[in-house]
Each structure stands twice: as structure tokens, then as C-alpha cells.
Amino acid sequence: MKKNYFFIGALASLMLVSCTNSDDVANENTIGTSKNESAIKAEYAKNFAAKFGNVKSTQNWDLSTQGRKYGSQAAPDAKSRAVVSSASRSGESRAVVSEGKQETFSEEFRKAISKVLPEGKNNSAMGYAHEYLSQGPFDIYPIWHGYCMEWDLYINEEFIGSYSDIMAQMGEDTEFRIGDTNEISPKGWHIDLPEGTPLLFKLVITNPAKGYGVKEGDFAHTGDIITSIYNPQVPWKGGFLSHGSLWLTWDKMRGIQKPDNLDLVAMFEDAKTIKGDADFNDFILGIKGRPNPPEIIVFDTTTYTCKIPSTVTKRYMVEDLGNTDDFDFNDIVFNITDSTTDVHFVETIRKYHLNGYGDTIRVEETINDEIIETKRDQFLTLKHLGGTLEFSVQVGNKTPIARHEGVLGQDYNDRYVLEGNPWLPESHNIKVYIFNPEIGSKPVEITFPTIGDPAPMILAFDRDKKWSAERVAITKEWFEGE
């Protein structure tokens, strides 16, 4: 607001000429004391109340609504996986083996196996690998073989039978025929293990060069051991893959009728070298009695770092008290922007609870997000002046605009870097100092109003809020809404 200071200045000169004692000099130095500043602010408050009425005690003078804007984050760049079996188990124990009762496995069932586990194909992904615990006595039956070596079969260090014994159980001689899907009726073996004892199958190679031009060492050596000890990192290396119920975990077996005389299957790959085909059909045992697989806990952990940029800008509109009754809030208009890039380290842990047969019971997810680095830049942009009084702006402990002339009706786009990033967007730690010769040399301090302040002199808006025209007062809707 324009002010004509000529008459006031002339009057002050006249008074100084006629009254020049020491007390008069002291009086001049106290012009603009807190009393005079208080008086002009009181006048402003009175006029504000007359214009807008009583202000709500909950009125927040930060009228911005956009808040901080965030960029997108990066995709995961590292993964790890760990498997933990959580069931209680007893100590290892030798099995007590006796003759089992005869069971029949149909041609239809055997054909299904030949289709699901074709000879020479890597079938290692056809099931779920983990250990099983005994739930008490159970029966095992030889139900299939592919092209394999000769071996002896053990369970928990107890000898079950030789290769010839197994073939005899299946009604075949040792010169077996690949692809034979005839119905078979093996007797099998009855196994007694204490409850909670892990099932430990083992094949000991007795003849690794079983025809077809295979030589010892091509796939295994005499005495090599194929064990069922489960290695979660490389599930089929070592020659054994233990599956849950064939029809519960193998989606490729859907539509096949589950026989009542089978609960589980254990599939063996007898090759011990990289030449092995991992078809896991070299020998297959059927299990009746459903040994109890423990609940399996699978931890799937994804970690990554990402940079997330964000910005927040607020526009401050200031009344400089040049006039105490126009309320156009365009005397000083400036934006402050905080541009931040946070580097996040994000760890997502998914805890899968499986029922031991490969079926997911439930999933628990934990996300840990830690900011490991922050880069921040802040700057003030002067946008408009609508008053003629000089001013300075302080942000925190920094003074980006030390002293600036007042200009009536002038737009700007001058940027001032805020060294040290002192601005606190939520607390509005800004001060504007107005140099008004009417109230002396001491500048008038204007701070951001507290909630419920009845006469604010600074308002905060979003960055694109348009200021009012000169001498056109804002309306109550600006801060109370439509």
C-alpha cells in the first residue's frame, strides 16, 4: 500500500528544529518501540475482526492441501529364500522291517506315472521336496522303475532288499522292460518307526553300468549312496526327491483317481554325475500309512534399495501493515520448496506356512523400510510484491532476503537458495521483517500465525494459489471454504 510520508517527514523536521534538547534526541531513538508496534498490530486485529468476524479457535492458517508429492520407487533387485521345517522330531532310530500285505496297483495308475514322469526328461520340478516324519507304522511298495542301475535299498539304516528283490516284488526279472505299465501286486514291507522319526531312505549302488553301453563312472560308481536327506538349496542333487501326496501337490496329475492303497510317493534319481537326466523315475516307492510331514515354514525375503524423490512447496502471502485494513495479502508473496530424495532400504519378508504336502496354509508378510540416506535442497522463490515497504525474510536461522525494497504491483521469479535446509514445512519457521519509517527504525516482526490466531498476517497456500489484486481484500471463503 502506497503511503505519503512527505507531510509526516516535514512535521517531524519542524519538531526537531523547535525542540533540540537531549531528551528530545532520546525520544527520537525510541520511536517504533514495542508500544508503537503493538498499537499498529492491535489496530490491524481490530480491523480484521470487523472484516471477517470472530475466528474459530481451531482455524489453521496453513491452507495448503496438496502436501508432499512423492515419485515412484524402484523394483526389487535382490532376493533370497530359506526353508525351515518346524515340526518336533525324535532322535534317529533304526527301522523294524517285516513283510507287508499284498496290494495291487492298476495299469491305469502305472500309465499315469509313465506320462507324468517320462523317461529321460528333467522331472525335478514335478513335486515338493522336504522330509517326512513317521506317524507310526506304515507300509512301502515298489510301484515303478525307469532305466536304472542296480542297488540295495535301506530305510533308516535297515536293509530292505536288493535290486533283484525289488524286481521280484514287481513281478519282473532283472532285465526289466522300460515302459512296462502292467498291473502289479507287490507285497512290500511293513515299517515300524517311533513317531516323530525322520524317514531316511538310501540306495547303495551295486552295479552302475546296467547295459545300453553305460560304463562305470558315466553316471555313478559302485558304492555310491543315493540318500533321502533333504537339501533345501539343491532339492534333487543327492538323488532323492520326496513329495507330498502325489494328487495333492502335483497339478499335472489332476483327473487321476487316487488309489486308496497309497498316501505318498518317494521318487529316486540314481545318477550321481552331471550326465544324469534327473527324471526321478529310476525307482519309485509308494507309501501307505501317511507318514506325518511337519509343517514347513518357508521364508521368502526380498530386499532392494530405491530412491524416492519428493517435493513440498508452500506459498506464503504476507500483509506488511502498511495499511491495516485492506487485507489483500499480496504485499509480499513467496514460495518455499523442499526437494528431497530419500534412499530406502526395503526388506519384505513373507513367511509361508505349508502343511508339509506343499499346500499353503497361510502367509504372513513383514515389511521393513529404512531410510539410509537423504539428499535435500531448499529454495525460496520471490513471486510478487504489492507493498512499498522494505522487508527481509528469515527462514529458520537463515536470512535469504536480507533487505529488499518494496515495489507496488511487481511480479518476480527470483530464487534464493536456503543453505543448510532450515525450513520446516509443518511448523512454518519463517519470519518477515518490515521496515516502516512511521514506527521508527526497528523493523516490525511478523511470524506465521498459530492455530486460532484472531488476526493472521501470513497465510500459507498451495504453490499455485493466485494472490489477490491490489486493494482487493480476500474473502472469508479463502480460509473457511465455500
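Reading guide: rules and limits
Residues numbered from 1 in each chain as written. Predicted model: local features only at pLDDT ≥ 70, side-chain atom pairs only at ≥ 80, totals over all residues. Heavy atoms only, no water. Helix = DSSP H or I, 4+ residues; strand = E, 2+ residues; numbered from the N terminus. Buried < 20%, exposed > 50% of the residue type's maximum accessible area, 1.4 Å probe, protein only. Contact = heavy atoms within 4.5 Å. Areas by Shrake-Rupley, 256 points an atom, 1.4 Å probe, with all protein chains shown as cover. Salt bridge = Lys/Arg side-chain N within 4 Å of Asp/Glu carboxyl O. Phe/Tyr/Trp six-rings, centres within 6.5 Å; stacked < 30°, edge-to-face > 60°. Lys NZ or Arg CZ within 6 Å of the ring centre and 35° of its normal. Pairing = 2+ DSSP bridges. Axes fitted to C-alpha atoms, helices over the stretch in contact; angles between N-to-C directions. pLDDT = per-residue confidence, 0-100. Arc of directions from axis to C-beta.

1. Concerning the overall build of the chain
- Counting its secondary structure elements, the chain contains 7 helices and 21 strands.
- Classification of the 482 residues of the chain by burial places 45% in the buried group.
- A separation of at least 24 residues holds for 77% of the contacts in the chain among residues at least 6 apart in sequence.
- Carbon and sulfur atoms make up 49% of the accessible area of the chain, which amounts to about 23900 Å² in all.

2. Points about the pattern of salt bridges
- In the structure shown here, the tally under the stated rule is 12 salt bridges.
- Between Arg350 and Glu365 there is a salt bridge; the shortest N-O distance is 2.8 Å. Separated by 15 residues along the polypeptide, Arg350 in strand S14 (residues 332–354) and Glu365 in strand S15 (residues 360–387) bring together distant segments of the chain.
- On the accessibility criterion, Arg350 (28% relative accessible area) is partly exposed.
- According to the relative accessible area criterion, Glu365 is partly exposed, its value standing at 46%.

3. Some thoughts on the packing of aromatic side chains
- Taken as a whole and assessed by the stated rule, the structure comprises 19 aromatic pairs.
- Ring pairing ties together the aromatic residues Tyr44, Phe48, Phe52, Trp61, Phe327 and Phe479, which thus form one cluster.
- Across the ring face of Trp478, the terminal group of Lys465 is positioned such that the distance to the ring centre comes to 4.4 Å.

4. Looking at the environment of Cys306
- The residue Cys306 is located in strand S13 (residues 296–318) in this model.
- The class of Cys306 is buried, set by a relative accessible area of 3%.
- Residues Cys306 and Val343, spaced 37 residues apart in sequence, show a C-alpha to C-alpha distance of 5.7 Å.

5. Topic: the pairing of strand S4 (residues 138–144)
- Counting buried positions along S4 yields 7 of 7 residues, so the element is predominantly enclosed.
- Bridge count between S4 and strand S7 (residues 189–192): 3 bridges; the pairing is antiparallel. Within the sheet, the bridge partner assigned to Phe138 lies in S7 and is Ile191.
- Pairing geometry for S4 and strand S12 (residues 283–288), over 5 bridges, is antiparallel. The residue of S12 that forms the bridge with Ile140 is Ile287.

6. Observations concerning unusual backbone geometry
- Of note, Glu157 is a non-glycine position whose phi angle comes to about 70 degrees, a positive value.
- Its place among the elements puts Glu157 in the loop between strand S5 (150–155) and strand S6 (158–162).
- In this structure, Phe327 takes a positive phi of about 50 degrees despite not being glycine.
- When you line up the elements, Phe327 lands in the loop between S13 and S14.
- Classification of Phe327 as buried rests on a relative accessible area of 2%.

7. A few points about the sheet that holds strand S16 (residues 390–395)
- The 4 strands are arranged S17-S16-S19-S20 in an open sheet whose pairing can be described as antiparallel. Edge strands, defined here as strands with exactly one partner in the open sheet, are strand S17 (398–404) and strand S20 (444–447). Pairwise comparison of adjacent strand axes, ignoring direction, gives a mean angle of 15 degrees for this sheet.
- One ladder, built from 4 bridges, connects strand S19 (residues 430–435) with S20; its direction is antiparallel. Bridging across to S20, Tyr433 finds its partner in Glu445.

8. A word on the confidence of the model for the chain
- Here the chain averages 78 in pLDDT, while 75% of its residues score no lower than 70.
- In this model, residues 1–34 is a region of pLDDT below 50 whose contacts with residues beyond four sequence positions or in other chains number 32 contacts.
- Long-range and interchain partners of residues 230–255, a stretch whose pLDDT sits below 50, account for 80 contacts in this model, where long-range means more than four residues apart.

9. Here we look at the sheet that holds S5
- Overall, antiparallel pairing links the 4 strands, which are arranged S6-S5-S8-S9 in an open sheet. Edge strands, defined here as strands with exactly one partner in the open sheet, are S6 and strand S9 (225–227). The mean angle between the axes of side-by-side strands here comes to 25 degrees, regardless of whether they run parallel or antiparallel.
- Where S5 and S6 come together, 4 bridges link them in antiparallel fashion. What sits directly across from Asp152, in S6, is Ser162.

10. Remarks on the environment of Arg110
- Within the secondary structure, Arg110 sits in helix H4 (residues 107–116).
- Remark: the alpha-carbon pair of Arg110 and Asn182, spanning 72 residues in sequence, is separated by 7.2 Å.

11. Side note on H4
- Those residues of H4 that fall on the buried side of the exposure criterion are Phe109, Arg110, Ala112, Ile113 and Val116. Looking down the long axis of H4, one finds its buried residues gathered within 155 degrees of arc, a one-sided arrangement. Of the exposed residues in H4, the ones pointing more than 90 degrees away from its buried face are Glu108 and Lys115.

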